[in-house]
Amino acid sequence: MVSEIKRLLKARDAKKAKFARQCLQTKVTLKDTWRRPRGLHSKQRKDYIAKGEHPEAGFGSPRAVRGFHPSGYREVLIFTIAELESIDPATTAVRIGASVGNAKRFQIQDKAKELGIKVLNVKAAKAVQPKVAEADTKAIEEPKAEEPVEAETKAEEKPKAKKAAKKAAEKKPAAKKTAEKKTESKPKAKKTEVKSNE
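These figures come from a predicted structure and were not determined experimentally.

### A closer look at unusual backbone geometry
Positive phi values are uncommon outside glycine, yet C23 reaches one of about 65°. Among the secondary structure elements, C23 is positioned in the loop between helix 1 (2-14) and strand 1 (74-78). When its relative accessible area of 33% is taken as the criterion, C23 is described as partly exposed. Backbone geometry at D47 places phi at a positive 65°, although glycine is not the residue there. Note that D47 resides in the loop between helix 1 and strand 1. The partly exposed category is assigned to D47, whose relative accessible area is 44%.

### Observations concerning the pairing of strand 2 (residues 92-96)
For strand 2, the tally of buried residues reaches four of five residues, placing the bulk of the element in the interior. Looking at chain direction, strand 1 and strand 2 are connected through five bridges and run parallel. Across the sheet, residue V76 finds its bridge partner in strand 2, namely V94.

### What about the pattern of salt bridges?
Overall, the coordinates contain four salt bridges when judged by the stated rule. The salt bridge involving E4 is made with R7; its shortest N-O contact spans 2.7 Å. Within this pair, E4 and its partner R7 are both found in helix 1, separated by three residues, close to a single helical turn. The exposure class assigned to E4 is partly exposed, which follows from its relative accessible area of 35%. R7 sits in the partly exposed class, given a relative accessible area of 48%. A salt bridge links R95 to E75; the shortest N-O distance between them is 2.5 Å. A residue pair is termed long-range when its members are at least 10 positions apart, and R95 in strand 2 and E75 in strand 1 qualify at 20 residues.

### So, the environment of R35
Here R35 lies in the loop between helix 1 and strand 1. In this structure, the C-alpha to C-alpha distance between R35 and A20, residues 15 residues apart in sequence, is 8.6 Å.

### Concerning the side chain of T92
On the secondary structure map, T92 appears in strand 2. A distance of 3.3 Å separates a polar atom in the side chain of T92 from a polar atom in the side chain of T91. Dropping the residues within four chain positions of it, T92 is found in contact with Y73, R74, V76, I87 and I117.

### Description of helix 1
Between the first and last C-alpha of helix 1 there are 19 Å, a value that for 13 residues agrees with the 18 Å anticipated at 1.5 Å per step. Every buried residue belonging to helix 1 is among I5, L8, L9 and R12, and all of these are buried. End-on view of helix 1: buried residues confined to an arc of 105°, all on one side of the axis. In helix 1, the exposed positions angled more than 90 degrees off the buried face are occupied by S3, K6, K10 and A14.

### Description of the side chain of R12
The topology assignment puts R12 in helix 1. The charged side chain of R12 is buried without a salt bridge, its nearest counter-charge being D13 at 4.0 Å. A distance of 3.1 Å separates a polar atom in the side chain of R12 from the backbone oxygen of F68. Setting aside residues no more than four positions away along its own chain, R12 makes contact with S61, P62, V65, G67, F68, H69 and P70.

### Section: the nonpolar core
Soluble globular proteins tend to pack their nonpolar side chains together in the buried interior. In terms of nonpolar packing, the biggest core is built from ten residues, these being I78, L84, I87, V94, I96, V100, I108, A112, I117 and V119. When residues of this core are traced back to their parent elements, those giving at least two are strand 2 and helix 2 (102-115). Not counting chain neighbours up to four residues away, the residues in contact with I108 comprise I78, F79, T80, I81, L84, I96 and V100. L8, L9, V65 and F68 belong to the second-largest nonpolar core, a separate cluster that totals five residues.

### Regarding the packing of aromatic side chains
Going through the model one piece at a time under the given rule, you end up with two aromatic pairs. Between F19 and F59, the aromatic rings sit 5.2 Å apart at their centres with planes inclined by 85°, giving edge-to-face as the arrangement. Separated by 40 residues along the polypeptide, F19 in the loop between helix 1 and strand 1 and F59 in the loop between helix 1 and strand 1 bring together distant segments of the chain. Joined through ring pairs, the aromatic side chains of F19, W34 and F59 make up one cluster.

Conventions used here
Residues numbered from 1 in each chain as written. Predicted model: local features only at pLDDT ≥ 70, side-chain atom pairs only at ≥ 80, totals over all residues. Heavy atoms only, no water. Helix = DSSP H or I, 4+ residues; strand = E, 2+ residues; numbered from the N terminus. Buried < 20%, exposed > 50% of the residue type's maximum accessible area, 1.4 Å probe, protein only. Pairing = 2+ DSSP bridges. Salt bridge = Lys/Arg side-chain N within 4 Å of Asp/Glu carboxyl O. Polar contact = N/O pair within 3.5 Å; in protein donor to acceptor, adjacent residues only side chain to side chain. Contact = heavy atoms within 4.5 Å. Expected span 1.5 Å × (residues − 1). Arc of directions from axis to C-beta. Lys, Arg positive; Asp, Glu negative; His and termini not counted. Core = buried A, V, L, I, M, F, W, Y, C linked by side-chain atoms within 4.5 Å. Phe/Tyr/Trp six-rings, centres within 6.5 Å; stacked < 30°, edge-to-face > 60°.

As structure tokens, this is what we get:
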């Protein structure tokens, strides 16, 4: 039976197709969800091979493995420890609900491990680091051997800063020249006097 399920899962993966929506690559606003082409002159509606497959009979998965997880187990969503009792570990895997908190989740995971049930969305418990007392942190000081390294990095930064300052100084006169050219090229507005008829 297990080998038959594996064979059917391979068959399901082999005939899986990606159905592309018409004009998906040309319009940014379209989502990658299938919509039947309805246009009068649509090449995709007319089943041109280059325009992609349509969802039709024959692309579905075998009925025996429909809804199975790729690992070969039937998937069940659970929220409590009591729900684990009715599950067959040979054919069924468990997915813990998203609304279950961490404390309850870890209890469910431990119980599932005892019963030999596979959990599909296992969450690892974070290791809690003990807080170090302030007196201990004062006793632990950084060695003074690192100070010369800092001095070396500062010495390396100084030439870089000098080079950057030189480049900035060179750019300033060029900027002044371009500003002068712009002011020279602008035509001066003629002043017009308004004459009154008296």
